[in-house]
Amino acid sequence: MGDVAAKIKIMPEGIETDLAELKEKIKAVIPAMADLHGDIVEEPIAFGLKALIVTLIVNDEEGGTEPAEEAFAKVSGVENVQVLEAYRI
């Protein structure tokens, strides 16, 4: 089995959400089966709202990014989580 790189978009609840704090919370809940690749990047959306883009390296076994997606969705301040890209490396 190989590894998969997954780019995940995390939308905060609103423009008042502290993104620096949210980044730390997200880093704290990354499952043991996943590794953060690079930094968490802020992506402007509209009207001052910014999404966080997280790139993870996970094993390509069944379930893949689901544990990370579920962990991120439970973080306070997160509105939704979406996988943008996933590809085998």
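Residues numbered from 1 in each chain as written. Predicted model: local features only at pLDDT ≥ 70, side-chain atom pairs only at ≥ 80, totals over all residues. Heavy atoms only, no water.

Draft legend 1. Structural detail: unusual backbone geometry. Unusually for a residue other than glycine, F47 sits at a positive phi of about 55 degrees. Of note, F47 is situated in the loop between β3 (41–46) and β4 (49–59). (Helix = DSSP H or I, 4+ residues; strand = E, 2+ residues; numbered from the N terminus.)

Draft legend 2. Highlighting the nonpolar core. In terms of nonpolar packing, the biggest core is built from 17 residues, with I10, L22, I26, L52, V54, L56 and F72 touching the most fellow members. Mapped by element, the contributors of at least two residues to this core are β1 (3–12), α1 (19–28), β4 and α2 (66–73). The element best represented in this core is β4, accounting for four residues. In this view, L52 contacts I8, K9, I10, L19, L22, K23, I26, I40, V41 and E42; residues no more than four positions away in its chain are not counted. (Core = buried A, V, L, I, M, F, W, Y, C linked by side-chain atoms within 4.5 Å. Buried < 20%, exposed > 50% of the residue type's maximum accessible area, 1.4 Å probe, protein only. Contact = heavy atoms within 4.5 Å.)

Draft legend 3. Spotlight on the pairing of β1. Counted residue by residue, β1 has eight buried out of ten residues, so it is predominantly covered. Here β1 runs beside β4; their pairing, made up of eight bridges, is antiparallel. Looking across to β4, one finds that A5 is bridged to I57. Here β1 runs beside strand β5 (residues 78–88); their pairing, made up of nine bridges, is antiparallel. Bridging from a neighbouring strand, I8 pairs with V83 of β5. (Pairing = 2+ DSSP bridges.)

Draft legend 4. How the structure looks around the side chain of T17. Relative to the elements of secondary structure, T17 occurs in the loop between β1 and α1. Within the structure, the side chain of T17 is placed 3.2 Å from the backbone oxygen of G14, a separation counted as a polar contact. Beyond its immediate sequence surroundings of up to four residues, T17 is in contact with P12, L22 and G77. (Polar contact = N/O pair within 3.5 Å; in protein donor to acceptor, adjacent residues only side chain to side chain.)

Draft legend 5. How the structure looks around α1. Within the span of α1, buried status applies to L19, L22, K23 and I26. For α1, the arc enclosing every buried residue in end-on projection is 105 degrees, short of the 170-degree limit, so these residues lie on one face. Against the buried residues of α1 lie β1, β3, β4, α2 and β5. (Arc of directions from axis to C-beta.)

Draft legend 6. Representation of the pairing of β4 within the structure. With eight of its eleven residues buried, β4 lies for the most part within the structure. Sheet topology places strand β2 (residues 34–36) next to β4; three bridges connect them, and they run antiparallel. Within β4, the position partnered with A34 by the bridge is V58. In the sheet, β3 pairs with β4 via five bridges, with the strands oriented antiparallel. By the bridge assignment for β4, E43 is matched with A51. Between the antiparallel neighbours β3 and β4 lie two residues, among them F47 with a positive phi of about 55 degrees.

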